[in-house]
Amino acid sequence: MTFQEVIGQEEVRERLVQMVSEGRLPHAIMLCGPNGVGKKALATAFGCYLLGNPENPMLKKLEHPDLHFTYPTIKLPSMGSDHQPVSDDFAREWHELMMQGPYFSMDDWMTAIGAENQQAIITAGESDELVRKLSLKSSQGGYKVSIIWLPERMNIACANKLLKLIEEPPSQTVFLMVCEEPDRLLETIRSRVQRIDVKLLPTETIAKALVERRGVDENQAKRIARLANGSWLKALQELQVGTENEQFLDLFINLMRLAYQRKVKELRKWSDTMAAFGREKQKRWLDFFLRMVRESFIFNFKNPELCYMTQQEEDFARNFARFINEANVIPLYDLANRASRDIGQNANAKIVFFDFALQVIVLLIQK
């Protein structure tokens, strides 16, 4: 993979290359930023850059023996009770997804390994595998590159072992971490890596890439780019026919109508529907809820340039937005964030979403 496959992010790319040219490449770099802005693409392209000729067939296929990927995994029913899942257990699925393009989400990954209803982590077994792999000599006599996707999902045993590996790295080894929630990492790990923040992509960059790389009409590209809010992954999702956004909007509309009418029995059924989703999808819907609350509140200011909604969302907001006001916009935000936290901590989803729906009833009538 080459830097030409990365959407935008020229500033970060130049900084990485300059570190190499000036001979001051740190042994551990952490690329931090929101989902979909190109962190994984940057790390992969830079890893290939460090390993030599980009025309090398092994690099094109991401099969170079000195390029190692680490990512969250799950425990399959077929695995023994003593087996700790490691990345190699899912190497085929990872390679297939990466060859389709490095812009994909955790949910895409969970779907690829058939684990929508589980929470993926990086186990202590993974750090043991890294120690073993990186202790070997480089097959090409150069760097060994370890790309760790979402290190914040390491359990504590893995994090402690990785810390030792970073403190005493094998010769010619470079760690490239791709992180979305750095605050969840051990402070001792954060202090031993060089952090580089990867910013949201400009709307113009996304629109241009949609036109040039996807053949999208210019006007449509501009609208999609605004909706993408700095994320190339979000832009790609908007291009897909029948995206889950339509389902999410239906769930949002149903919740608000039932809450306004105080139909508790129907809200119980609504919460059962939400509970049937996988936890990653539940958290994604809560993110959608937050966006709709925010955009509905802004809609009241009657400035189209400030609103980032699809036509369907705007059609609903036209009559609904007046119910989101200064009295309830922050409490609704807090409510959704608490629910997302609870879901992330494996709370009972039926209880979380039924309580969520009941509190929406109260908040909708605040003026």
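Preceding block: the structure.
Predicted model only: the values in this text are computed from it and were never measured.

Undergrad: Quick question: what am I supposed to make of the packing of helix α12 (residues 244-261) against helix α17 (residues 349-364) here?
TA: The axes of two packed helices give the description: the angle between them and the distance between them. It is the contact of α12 with α17, at a shortest axis distance of 8 Å, that shows an interaxial angle of 65°. Considering only the axes of α12 and α17, their crossing is right-handed. Residues Leu-255, Met-256, Ala-259 and Tyr-260 of α12 touch α17, and the partners they reach there are Phe-356, Ala-357, Val-360, Ile-361 and Leu-364. Residue composition of the contact of α12 with α17, by class: nine nonpolar, no polar and no charged.

Undergrad: Got a minute to help me understand the sheet that holds strand β5 (residues 194-197) in this structure?
TA: Hydrogen bonds between backbone groups are what pair the strands of a sheet, and the pairing can be parallel or antiparallel. In space, the five strands of this open sheet follow the order β2-β3-β4-β1-β5, with parallel pairing throughout. Strands with a single pairing partner mark the edges of an open sheet, and in this sheet they are β2 (67-70) and β5. Across this sheet, the average inter-strand angle for adjacent strands is 20°, counted without regard to direction. Sheet analysis places strand β3 (residues 144-149) next to strand β4 (residues 173-179), joined by six bridges and oriented parallel. Across the sheet, residue Ile-148 finds its bridge partner in β4, namely Met-177.

Undergrad: Mind showing me how you'd approach the side chain of Lys-234 here?
TA: Structurally, Lys-234 is set in helix α11 (residues 232-239). Look past the residues within four positions of Lys-234 in its chain and what remains in contact with it is Leu-227, Ala-228 and Asn-245.

Conventions and cut-offs
- Residues numbered from 1 in each chain as written.
- Predicted model: local features only at pLDDT ≥ 70, side-chain atom pairs only at ≥ 80, totals over all residues.
- Heavy atoms only, no water.
- Axes fitted to C-alpha atoms, helices over the stretch in contact; angles between N-to-C directions.
- Helix = DSSP H or I, 4+ residues; strand = E, 2+ residues; numbered from the N terminus.
- Left-handed = near helix turned anticlockwise from the far one by under 90°.
- Contact = heavy atoms within 4.5 Å.
- Nonpolar A, V, L, I, M, F, W, Y, C, P; charged D, E, K, R; others polar.
- Pairing = 2+ DSSP bridges.

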